[in-house]
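In case you want the letters, here they are:
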Amino acid sequence: MVSVIAGCSGGGDSGGESGSASGENGGGDKLPVRYLLPGSAPQGLEAAVQAINEKLEADGLNLTYEPTYIAWDVWDQKTNLMMSTGEEFELIAIMHDTKGPTVLAGSGGIIPIDDLLDQYGSELKASMPDWIWESSKINGKITYVPNFWADTAYNDGMFTIRTDLLEANGLQAPTSPEELLDAAETLQKNWPQDNKNVYIKMLEEPAYFLHTTYDTYPFTVADNMIYIDQQGNVKSWFETEEFKKDVQFMNEAYQRGLIMSDLLTTPSEVINQEELVGRYLYRPGDVGVSDTIRQSFPEAKLDIYYLAEQPKFRSYAIRNSNGISATSPHPEAGVQFLNWVYSSQENMDLVQSGVKDVHWKDTGKNTKDYLAKNENGSPAYELPYWLLGHVEMNRYPTNTDPARLERRTSISDDAVNSITIGFTFDPTNVASQYANCIAELKTSVYPVMHGVVKYEDAYDKMLAAMKSAGLNEVVAEYKRQFDEWRAGQS
């Protein structure tokens, strides 16, 4: 899923050939930090890697940074092969919504790092709150380095809408599901372009923005199929009243022409391109105004809204992380490198943005301008914060909306954490059922979830298909593990 915030990536390169770079300071007795990253190597990689290695040497670290980029379309295949054949590397980027850390740990691809953190990662560990590290445990051990690039309390339960269009149509911010549908219909009817085929941006996840209006809020939906309330009750998400309410809302939106009629067959890149140029009635989550949107809508203003006043809620902790490879002969090198990155703003800037005043310009706290760009206008060098970042250290373009910049670079002190944070489900015991359920989601659940078919017409068939795939077994195994984990916590 390609999206600005709801999916794992939040943008970035979508493919290309594998590429790598080694710093000129490598060799000798220095330990390599071979870092597997998805996508295409940026044009300015060599200069950035050289500067990173010069800074590592100046800071007295016996390390050589060697990033290797692997094209998206062969990422799983190639990384699986590298791990299975024992090819040496130190770090691997983990996107939790594709192949998560539990799967990698279960197959022996990444290792627990508690001892390594204690010995080599004091500043890394101190840079993030305890609850984030708790979320990175598998079987009681920290097994991956969380990429705490945004506080999820600022992503759950809201939606983004064009405030300039609300104002132009004399509309107030919607405060109920019904008002949101009415507002979307008005925006579509009066869309300020000849092409008025513009729709709600749909994500392959529950409609969290509706959940704040439910009496049972807050609650958590895990893996798009398991419901957990704050009292610790676990059950099938599809057999809840909340799921039914989500579907009925989406079906009403579909019947009113607010959801693309051929949503299920339209290529994702087409849908995402519509979003990139600002053509959506509203979008779940928190997104900003990009330069691409400003080209089409120079006066565009976006803001986030909640349908009901509720405490901020973290239904999950993170969606991205970095793992220490089991194939590395010196796994401490990966932790030492990350400890160095997180130890200062200067180091984070260098790894994320490249050489200051060459690749980028410092324009203030948490902001930057790009100086070196490719022929397509993208930065000559950038390591996206969703691959390696920190909520309080990341930089965003200077023209980022101030309110959004504050959300993106702050940690909420008053948010309520889901009861599930700190628990990691291990699907090993129900591996085939879990895989079958994940596959069945797209076939049977998404048409219902997105309102394309009526709840009453398709629900029974959908549920039967999920149960045939192994839903009951997956929910039961989740409940067993979760109850055991909670007992151990108390």
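Treat the numbers as computed from the prediction; the structure is a model and nothing was measured.

**Student:** Quick question: what am I supposed to make of the overall build of the protein chain here?
**Tutor:** Along the protein chain, the regular secondary structure elements total 18 helices and 19 strands. Reported as C-alpha extents along the three principal axes, the dimensions of the protein chain are approximately 65 × 55 × 40 Å. Across the 490 residues in the protein chain, those meeting the buried criterion constitute 56%. Here the contacts in the protein chain between residues at least 6 apart in sequence split such that 77% fall between residues at least 24 apart. Of the roughly 20,600 Å² of accessible surface on the protein chain, 47% is carried by carbon and sulfur atoms. Charge separation in the protein chain, taken as the distance between the mean sites of 39 positive and 71 negative side-chain charges, equals 3 Å.

**Student:** Teacher, can you tell me more about the side chain of arginine 162 here?
**Tutor:** Examined against the element boundaries, arginine 162 turns out to sit in strand β8 (residues 159-162). With a relative accessible area of 2%, arginine 162 lands in the buried category. A polar contact is formed between the side chain of arginine 162 and the side chain of aspartate 164, at a distance of 2.9 Å. Once residues within four sequence positions are removed from consideration, arginine 162 is found in contact with Trp191, Gly278, Phe297, Ala300, Lys301 and Leu302.

**Student:** Help me understand the layout of surface pockets, please; the structure alone is not making it clear to me.
**Tutor:** It is the rolling of a water-molecule-sized probe over the atoms that shows where space remains empty. There is about 260 Å³ of room inside the second largest pocket. Contributing elements (two or more residues each) for the lining of the second largest pocket: β5 (137-138) and α18 (471-489). With 4 residues, α18 is the largest single contributor of residues to the lining of the second largest pocket. Taken together, the residues that form the lining of the second largest pocket break down as 3 nonpolar, 6 polar and 4 charged. Counting residues domain by domain, the lining of the second largest pocket receives three or more from each of domain 1 (31-149 + 318-408) and domain 3 (431-489).

**Student:** I'm lost on the domain arrangement of the protein chain in this one. Help?
**Tutor:** Interfaces are often sized by the accessible area lost when the parts come together. What the domain assignment reports for the protein chain is domain 1 (31-149 + 318-408), domain 2 (154-314) and domain 3 (431-489). Inter-centroid distance (C-alpha atoms) of domain 2 to domain 3 is 23 Å. Across the boundary between the two partners, domain 2 contributes 27 residues, which contact 30 residues of domain 3. Between domain 2 and domain 3 we count 2 salt bridges in total. Across the pair glutamate 239 and lysine 467 runs a salt bridge, and its minimum N-O distance is 3.2 Å. Our count for the domain 2 to domain 3 interface comes out at 7 residue pairs in polar contact (both at pLDDT 80 or more). Secondary structure elements with two or more residues in the side of domain 2 that touches domain 3: β10 (226-229), β11 (234-236) and α10 (241-255). Sort the elements by how many residues they give to the side of domain 2 that touches domain 3 and α10 lands first, with 7 residues.

**Student:** I'm lost on the UniProt feature "domain: DUF3502" (unreviewed entry) in the protein chain in this one. Help?
**Tutor:** Summarizing the sequence annotation, UniProt attributes the feature "domain: DUF3502" (unreviewed entry) to residues 420-487 in the numbering used throughout. Secondary structure within residues 420-487 divides into 75% helix and 0% strand; the distance between the first and last C-alpha atoms comes to 13 Å.

**Student:** What is the right way to read the confidence of the model for the protein chain from this model?
**Tutor:** Atom-level detail of predicted coordinates should not be read off regions where pLDDT is low. Predicted confidence across the protein chain gives a mean pLDDT of 91, with 94% of residues reaching 70 or more. Counting interchain partners and residues more than four positions distant, the pLDDT-below-50 stretch residues 1-17 has 56 contacts. Low pLDDT, under 50, characterises residues 23-27; the stretch is placed with 13 contacts to residues that sit more than four places away or in other chains.

**Student:** Which parts of the structure should I look at to understand the packing of aromatic side chains?
**Tutor:** The way to describe two aromatic rings as a pair is by their centre distance and the angle between their planes. Counted according to the given criterion, the structure contains 27 aromatic pairs. Centroid distance phenylalanine 219 to tyrosine 227: 5.1 Å. Interplanar angle 35°. Geometry classified as tilted. Assessed through its relative accessible area of 3%, phenylalanine 219 is described here as buried. Between lysine 235 and the ring centre of tyrosine 227, over which it is positioned, the NZ or CZ distance is 5.2 Å.

**Student:** So what exactly am I meant to see when it comes to the side chain of glutamine 352 here?
**Tutor:** Within the secondary structure, glutamine 352 sits in helix α14 (residues 345-353). Apart from residues no more than four positions distant in its own chain, glutamine 352 is found in contact with Tyr381, Glu382, Leu383, Tyr385, Leu388, Gly389, His390, Asn394 and Arg395.

**Student:** How do you make sense of the environment of phenylalanine 238 when you look at a structure like this?
**Tutor:** Secondary-structure assignment places phenylalanine 238 in the loop between β11 and α10. C-alpha of phenylalanine 238 to C-alpha of isoleucine 226: the two residues are 12 residues apart in sequence and 7.9 Å apart in space. When neighbours within four sequence positions are excluded, phenylalanine 238 is seen to be in contact with Asn224, Met225, Phe243, Leu441, Val445, Tyr459, Met462, Leu463, Met466 and Leu471.

**Student:** Even after reading the chapter, I still don't get the nonpolar core, so can you show me in this structure?
**Tutor:** Considering soluble globular proteins, one finds that nonpolar side chains tend to be buried as a cluster. Within the largest apolar cluster, 70 residues are counted, with the highest numbers of intra-cluster contacts made by Phe209, Met225, Ile226, Phe238, Phe243, Tyr282 and Tyr478. Ignoring any residue separated from it by four or fewer positions in sequence, one finds tyrosine 282 in contact with Phe159, Thr160, Ile161, Leu180, Ala184, Ile200, Lys201, Phe209 and Phe249. In terms of nonpolar packing, the next biggest core, distinct from the first, is built from 63 residues, Ile92, Ile94, Met95 and Tyr396 among them.

**Student:** Please explain helix α16 (residues 431-449) as it appears in this structure.
**Tutor:** Since the α-helix advances by 3.6 residues per turn, residues separated by three or four positions end up pointing in the same direction. Of all the bends found along α16, the most pronounced is centred on leucine 441 and spans about 50°. Elements in contact with the buried residues of α16: α10, α17 (455-469) and α18. A positive phi of about 80° marks glycine 451, the residue just after α16.

**Student:** Hey, could you run me through the pattern of salt bridges in this one?
**Tutor:** Any two side chains of opposite charge can pair if their charged atoms end up close together. Under the defined criterion, the tally for this structure stands at 27 salt bridges. The closest approach of N and O atoms between lysine 125 and aspartate 118, which form a salt bridge, is 3.8 Å. Two residues, glutamate 185 and arginine 256, come together in a salt bridge whose shortest N-O distance is 2.9 Å. Note that glutamate 185 is positioned in helix α8 (residues 177-189) and arginine 256 in the loop between α10 and α11 (268-276), a separation of 71 residues in sequence. Taking relative accessible area as the criterion, arginine 256 reaches 23% and is therefore assigned partly exposed. One continuous salt-bridge network, built from bridges that share partners, spans Asp182, Glu185, Glu252 and Arg256.

**Student:** How should I be thinking about the pairing of strand β4 (residues 91-95) in this particular structure?
**Tutor:** Walk down a regular strand and you will see the side chains alternate between the two sheet faces. Across the 5 residues that make up β4, a large majority, 5, are buried. Burial along β4 is two-sided: the residues Leu91, Ala93 and Met95 and Ile92 and Ile94 are all buried. Here 2 bridges tie strand β2 (residues 31-38) to β4, and the two strands are oriented parallel to one another. Residue pairing for β4: tyrosine 35 is matched across the bridge by leucine 91. One ladder, built from 5 bridges, connects β4 with strand β15 (residues 320-324); its direction is antiparallel. Paired with alanine 93 across the bridge in β15 is asparagine 322.

Reading the values: the criteria
- Residues numbered from 1 in each chain as written.
- Predicted model: local features only at pLDDT ≥ 70, side-chain atom pairs only at ≥ 80, totals over all residues.
- Heavy atoms only, no water.
- Helix = DSSP H or I, 4+ residues; strand = E, 2+ residues; numbered from the N terminus.
- Buried < 20%, exposed > 50% of the residue type's maximum accessible area, 1.4 Å probe, protein only.
- Contact = heavy atoms within 4.5 Å.
- Areas by Shrake-Rupley, 256 points an atom, 1.4 Å probe, with all protein chains shown as cover.
- Lys, Arg positive; Asp, Glu negative; His and termini not counted.
- Charge placed at Lys NZ, Arg CZ, Asp CG, Glu CD.
- Polar contact = N/O pair within 3.5 Å; in protein donor to acceptor, adjacent residues only side chain to side chain.
- 1 Å grid on protein atoms, 1.4 Å probe; cavity = no way out; pocket = protein on both sides within 12 Å on 5 of 7 lines; lining within 4 Å.
- Points joined across faces, edges and corners; volume = space filled by probe spheres on them.
- Nonpolar A, V, L, I, M, F, W, Y, C, P; charged D, E, K, R; others polar.
- Domains from an automatic or database assignment.
- Salt bridge = Lys/Arg side-chain N within 4 Å of Asp/Glu carboxyl O.
- UniProt positions renumbered as here; feature names shortened; annotations may be inferred.
- pLDDT = per-residue confidence, 0-100.
- Phe/Tyr/Trp six-rings, centres within 6.5 Å; stacked < 30°, edge-to-face > 60°.
- Lys NZ or Arg CZ within 6 Å of the ring centre and 35° of its normal.
- Core = buried A, V, L, I, M, F, W, Y, C linked by side-chain atoms within 4.5 Å.
- Bend = angle between axes of the 7 residues up to and from the residue.
- Pairing = 2+ DSSP bridges.

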